[in-house]
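Fold and geometry: a report
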Amino acid sequence: MDKEPFAKKHLKIAMVIDAYDDCKNGAAISTRRFVELLRKEHEVYIISTGDPAPGKIVMSYFYAPVVRKVMKRMNVPLAVPSYHKLKREIRKMDIIHVQFPFFLGIQSVRIAKKMKIPIVSTFHIQAEHLAMNIGIRSGAFIRSCYKIWMKRIYNPSSIVICPSKFAQDELKQYGLTTKSMIISNGIPSMFKPCSVERDPALKDKFIILSVGRYAPEKQQEIIIQAIGISRHRNEIQLILAGEGAMKEKLQESGRNLPNHPIFLSLTPEELVIYYNMADLYVHAATVEVECMTVLEAMGCGLPLLIADSPKSATRQFALDDRSLFPCSDVQKLSEKIDYWIEHPAELKEARQRYHSYAQNYRIEYSYEKLVGIYRELGAARQT
């Protein structure tokens, strides 16, 4: 093994993730952002499904039968791990970093463990995400998922990255015994305040923005219902940015509003424009390990209104009670929306406060912490 000090060494890192190319899952977006930064200094290899590319090791894939339609629509296949291909590639690495706790991750952890290669894993996916998307409301199913993940992914890892204190506490509750560290997904520099000219049709509207998959746990339906009983429903324009299987259902619900919701699929560059155009960001999701879209909105100085859910980390970003509403409570959400519309001076002040707060979560800080972990693990292996 190369004896160059790990403080200076250009590392060989394998990112292990089932879906990477064009996947709009938050874990894939976060991984792509860190890979872009890491490749400025290190060799990063992607072990995933999808198209061949330089620095990529491609696996075959499948879609789980029960949720095949949802997985295909979201472009999130599951990889079929090739033992011999993984063994050949993993032995060349200084670090492997597992992003998803499925078959590919399990096989990669098993091989790396035998080769004594340091393993980093990140807790991106809650079992509740899986349960809600396949229509299961069983505590036993959720506990079973975590039991498997602890045994096969997280506890065998050298360290587990948790995007929030909430995420870390969740894993410990389900039996995490290995070392863990909190590292935010971070806010890229492109998400910042900028001057945006509104479309004339939106000029006199109070714009509420929500970004995320059209999926049960995101609860966009709650936002539509809350606007429907708002005192200011005639002046509110809801914009829902995302993709997903529930789009048609949400469109149907939105037809009851005076101003029908606008449904958009946006690039990151376009999202920056809408974060800066909107007056309020509403996040009604019940399940989150952090929530990158809330981070992005904060980075652009957009005030937040967040569901206070016991299974979501997102409530940590609320600066005070004006930015929280009881999870799934349509009436309380409507009242909070009306409050912000009726207090424009406070809303303006909140823009400054959220932008200032967001500086604590810039992705550069997260990157330095992550590389520090890689070097520490690599140095320990070298001794």
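Residues numbered from 1 in each chain as written. Predicted model: local features only at pLDDT ≥ 70, side-chain atom pairs only at ≥ 80, totals over all residues. Heavy atoms only, no water.

Details of a positive patch on the surface
Rules: Patch members must show over 30% relative accessible area and no salt bridge, and they are joined within 9 Å when carrying like charges or within 5 Å when they are nonpolar side chains of Val, Leu, Ile, Met, Phe, Trp or Tyr. We get accessible surface area from the Shrake-Rupley algorithm with a probe of 1.4 Å; when it comes to residues, only the shown protein chains can shield them. Salt bridge, as used here: a side-chain nitrogen of Lys or Arg that lies within 4 Å of a carboxyl oxygen of Asp or Glu. His is not counted here, nor are the chain ends, while Lys and Arg score as positive and Asp and Glu score as negative. Charge positions are represented by NZ for Lys, CZ for Arg, CG for Asp and CD for Glu. Only DSSP runs of H or I with at least four residues qualify as helices, and only runs of E with at least two residues qualify as strands; both kinds are numbered from the N terminus onward.
On the surface, Lys87, Arg91, Arg110, Lys114, Lys147, Lys151 and Arg152 cluster together to form a positively charged patch. When residues of the positive patch are traced back to their parent elements, those giving at least two are helix 4 (103–115) and helix 6 (139–154). Per-element tally for the positive patch: the top contributor is helix 6, with 3 residues. Mapped onto the fold, lysine 147 is located in helix 6.

Here's the deal with the pattern of salt bridges
Our working rule: Only protein chains enter the accessibility calculation, which uses a 1.4 Å probe; a residue whose area is less than 20% of its type maximum is buried, one above 50% is exposed, and one in between is partly exposed.
With the rule as written, the count across this model stands at 20 salt bridges. With its nearest N and O atoms 2.7 Å apart, the salt bridge here joins glutamate 288 to lysine 218. Here glutamate 288 is found in the loop between strand 13 (280–283) and helix 11 (292–299), whereas its partner lysine 218 is found in the loop between strand 10 (206–211) and helix 8 (220–228), with 70 residues between them in sequence. The pair formed by glutamate 288 and lysine 218 is uniform in burial state, with each residue classed as buried. One salt bridge in this structure joins glutamate 342 and arginine 231, with 2.8 Å as the shortest N-O distance. Of this pair, glutamate 342 sits in helix 12 (residues 330–342) while arginine 231 sits in the loop between helix 8 and strand 11 (236–241); the two residues are 111 residues apart in sequence, bridging distant segments of the chain. Judged by relative accessible area, which is 59%, arginine 231 ranks as exposed. Connected through salt bridges with shared partners, the residues Asp320, Arg322, Glu346 and Arg353 form a single ionic network.

Here's the deal with the sheet that holds strand 15 (residues 324–326)
Our working rule: What makes two strands pair is DSSP finding at least two bridges between them. Between N-to-C directions, angles span 0 to 180 degrees; the directions come from axes that are lines fitted to C-alpha atoms, helices contributing only their stretch in contact. Working rule for contacts: check all heavy atoms of both residues, and any pair within 4.5 Å makes them a contact.
What the 6 strands build is an open sheet, ordered 12-11-10-13-14-15; its pairing is parallel. Of all the strands in the sheet, the pair left with one neighbour each is strand 12 (262–264) and strand 15. Within the sheet, the average angular offset between the axes of one strand and its neighbour, ignoring direction, is 25°. In the sheet, strand 14 (residues 304–308) pairs with strand 15 via 3 bridges, with the strands oriented parallel. Among the inter-strand pairings, isoleucine 306 is bridged to a residue of strand 15, identified as leucine 324. Against the sheet, helix 12 makes contact with strand 10, strand 11, strand 13, strand 14 and strand 15, and its axis sits at roughly 155° relative to strand 15, the strand it touches most.

What to know about helix 1 (residues 26–38)
In an α-helix, one turn spans 3.6 residues, which is why side chains three or four residues apart end up on the same side. Heads up, the condition is: Helix span, expected: 1.5 Å multiplied by one less than the number of residues in the helix. Nitrogen and oxygen atoms within 3.5 Å of one another constitute a polar contact, given that in protein one can donate a hydrogen and the other can accept it, and given that sequence-neighbouring residues count only through two side-chain atoms.
In a regular helix each residue adds 1.5 Å, so 13 residues correspond to 18 Å; helix 1 covers 18 Å between its end C-alpha atoms and thus fits that length. If you check which residues of helix 1 are buried, you get Ala27, Ala28, Ser30, Thr31, Arg33, Phe34, Val35, Leu37 and Leu38. Its buried side turned inward, helix 1 meets strand 1 (12–16), strand 2 (43–48), helix 11 and helix 14 (363–382). You can read the cap of helix 1 off the contacts: a side-chain oxygen lies 2.7 Å from the backbone nitrogen of alanine 27, and it is on asparagine 25.

A few points about the side chain of threonine 122
Note that threonine 122 resides in strand 7 (residues 119–122). When residues no more than four places from it in sequence are discounted, the contact partners of threonine 122 are His97, Val98, Gln99, Tyr154 and Ile161.

Here we look at the sheet that holds strand 8 (residues 159–162)
In sheet architecture, strand pairing relies on hydrogen bonds along the backbone and comes in two forms, parallel and antiparallel. Reading across from one edge, 3-2-1-6-7-8-9 is the order of the 7 strands in this open sheet, with parallel pairing throughout. Pairing within the sheet leaves two strands with one partner each, and these edge strands are strand 3 (56–58) and strand 9 (180–182). Within this sheet the neighbouring strands show an average axis-to-axis angle of 20°, counted without direction. Looking at chain direction, strand 2 and strand 3 are connected through 3 bridges and run parallel. The residue of strand 3 that forms the bridge with isoleucine 47 is isoleucine 57.

Some details on the packing of helix 3 (residues 83–90) against helix 4
Short version of the rule: Between 65 and 115 degrees an angle is taken as roughly perpendicular, under 35 as roughly parallel, over 145 as roughly antiparallel, and anywhere else as oblique. Handedness of a helix crossing follows the sense of rotation of the near helix relative to the far helix, less than a right angle counterclockwise being left-handed and clockwise being right-handed. Each residue gets one of three labels, nonpolar for Ala, Val, Leu, Ile, Met, Phe, Trp, Tyr, Cys and Pro, charged for Asp, Glu, Lys and Arg, and polar for the others, Gly among them.
Contact pair helix 3 / helix 4: the axes reach a minimum separation of 10 Å and the direction vectors enclose 50°. In terms of orientation, helix 3 and helix 4 fall into the oblique class. Like other packed secondary-structure pairs, helix 3 and helix 4 cross with a definite hand, here right-handed. Contact residues: Tyr83, Leu86, Lys87 and Ile90 in helix 3; Leu104, Gln107, Ser108, Ile111, Ala112, Lys114 and Met115 in helix 4. Grouping the amino acids of the contact of helix 3 with helix 4 by side-chain chemistry returns 7 nonpolar, 2 polar and 2 charged.

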